[in-house]
Amino acid sequence: MNASPLVSVVITTYNRSDALLAVLAGLTRQTDSTFEVVVADDGSRAEHQTVLLQAPAAKTLRVTHVWHPDAGFTASRVRNHGVAASRGAYIVFLDGDC
């Protein structure tokens, strides 16, 4: 039997820890765990990164965090950073507040 290809879930975020944690909690409930999670952070404060990396869901999902300085709304740029950090054959984009 062939193994399922790795899927990369790239989540853009900016200073909404509560919403991002809800998205991560949802991902922990997936029945197919053949995916990686890359959080693409559009310049959030250090507290946001700390909350993310200390969250139990982030440890369960083996989250990779990429960040760039806050230069206004540059979600597309940080999303590209997330893609560059991903290893999957397929990429799924999510927003960190939905």
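Everything here concerns the structure above.
Throughout this document, residue positions are counted from 1 along each chain, in the order its sequence is written. A pLDDT threshold of at least 70 governs which residues receive local features in this predicted model, and a stricter bar of 80 or more applies before side-chain atom pairs are shown or counted, although totals over entire chains, interfaces and linings include all residues. The side-chain numbers reported here are obtained from all heavy atoms of the structure, hydrogens and water having been left aside.

Caption draft 1: Here's a closer look at helix H4 (residues 75-85). For the exposure calls, accessible area comes from a 1.4 Å probe over protein chains only, and a residue counts as buried if that area is under 20% of its type's maximum, exposed if over 50%, partly exposed in between. Secondary structure elements are taken from DSSP: a helix is a run of H or I of four residues or more, a strand is a run of E of two residues or more, and numbering for both begins at the N terminus. The complete set of buried residues in H4 reads Ala 75, Val 78 and Gly 82. Taken down its axis, H4 places every buried residue within 70 degrees of arc, on the same side. In H4, the exposed residues that point more than 90 degrees away from the buried face are Asn 80 and Ala 84. Packed against the buried residues of H4 are strand E1 (7-13), strand E2 (35-41) and strand E3 (64-67). This arc is built from the directions going out from the helix axis to the C-beta atoms. Throughout, a contact is declared for two residues whenever any of their heavy atoms are within 4.5 Å.

Caption draft 2: Region of the structure containing the sheet that holds E3. In this scheme, strands are said to pair when DSSP sees at least two bridges between them. Strand order in the open sheet made by the four strands is E3-E2-E1-E4, with parallel pairing throughout. Whereas interior strands pair on both sides, the edge strands pair on one side only; in this sheet they are E3 and strand E4 (90-95). Here the strands of the sheet are splayed against their neighbours by 25 degrees on average, with no regard to which way each runs. Here six bridges tie E1 to E4, and the two strands are oriented parallel to one another. Opposite Val 7, over in E4, you have Tyr 90 as the bridge partner. Axis definition: a line fitted to C-alpha atoms, limited for helices to the stretch in contact. Angles are taken between N-to-C directions and run from 0 to 180 degrees. Across the sheet, helix H2 (residues 46-54) lies against E1, E2 and E3, angled at about 170 degrees from E3, the strand it touches most.

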